[in-house]
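Coordinate inspection notes
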Amino acid sequence: MMNKELMTAKILEAKVSKGMTWEAIAETIGLSPVFTTSAALGMNSLTEDKAFALCEVLDLDKPIAEALQVCPKKTWDGAVPQDPLIYRLYEVVGVYGDTMKELIHEKFGDGIMSAIDFTMDIEKEENPKGDRVVVTMNGKFLPYKAW
């Protein structure tokens, strides 16, 4: 079985070779760009039909479709990433994480936002002072329970 790292490398190579965007790939296979990209990068899995559809769009072989269907191991290095964009997302959580937690607890009670029952959209908002990145995260609230 092909590992997720090799799978991702082959998908990225094919995407560049075909000059496709994640939005175009996602639209073709009927998923969101965020989820499609996440699966292609190895952090989510696809159903058999979606895995083969992605491979058909990119002219990729069956081993890649099979690897896309494998449940991922969602881990990352404990160190803060050095990539500037990913680092800034860590910075946002570092600066506003406690604020977000307080406001979520105030509005919902003691619990968490699901990253399983979850959607995310990334949009571009044109602005004369400089274009804006709009990230919308939408996760089900999961209350902690006492027993």
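Residues numbered from 1 in each chain as written. Predicted model: local features only at pLDDT ≥ 70, side-chain atom pairs only at ≥ 80, totals over all residues. Heavy atoms only, no water.

**Topic: the side chain of Lys15**
Here Lys15 lies in helix H1 (residues 4-18). Put simply, Lys15 is tucked away with no salt bridge, and the nearest opposite charge, on Glu23, sits 11 Å away. Setting aside anything within four residues of it in sequence, one finds Lys15 in contact with Met20, Thr21, Trp22, Ile25 and Leu58. (Helix = DSSP H or I, 4+ residues; strand = E, 2+ residues; numbered from the N terminus. Buried < 20%, exposed > 50% of the residue type's maximum accessible area, 1.4 Å probe, protein only. Lys, Arg positive; Asp, Glu negative; His and termini not counted. Salt bridge = Lys/Arg side-chain N within 4 Å of Asp/Glu carboxyl O. Contact = heavy atoms within 4.5 Å.)

**Comments concerning the nonpolar core**
By size, the foremost hydrophobic cluster in this structure holds 21 residues, and its most contacted members are Ile11, Leu54, Leu58, Ile64 and Leu68. Going through the elements one at a time, H1, helix H2 (22-29), helix H3 (33-40), helix H4 (48-58) and helix H5 (62-68) are the ones with two or more residues in this core. Residues within four places of Leu68 in sequence aside, it is in contact with Lys4, Met7, Ile11, Ala39, Ala40, Asn44, Ser45, Leu46, Ala51, Leu54 and Cys55. (Core = buried A, V, L, I, M, F, W, Y, C linked by side-chain atoms within 4.5 Å.)

**Some words on a nonpolar patch on the surface**
The grouping of Val92, Val95, Tyr96, Met100, Met113, Ile122, Val133, Val135 and Met137 at the surface amounts to a nonpolar patch, some 840 Å² of accessible area in total. The set of elements that each furnish at least two residues to the nonpolar patch consists of helix H6 (84-108), strand S1 (111-125) and strand S2 (132-143). For the nonpolar patch, the element with the most residues is H6, which contributes four residues. (Patch = residues over 30% accessible without salt bridge, like charges linked within 9 Å, V, L, I, M, F, W, Y side chains within 5 Å. Areas by Shrake-Rupley, 256 points an atom, 1.4 Å probe, with all protein chains shown as cover.)

**Observations concerning the environment of Thr37**
Its location among the elements puts Thr37 in helix H3. What makes Thr37 buried here is its relative accessible area of 17%. Separated by 61 residues in the primary sequence, Thr37 and Asp98 have C-alpha atoms spaced 28 Å apart.

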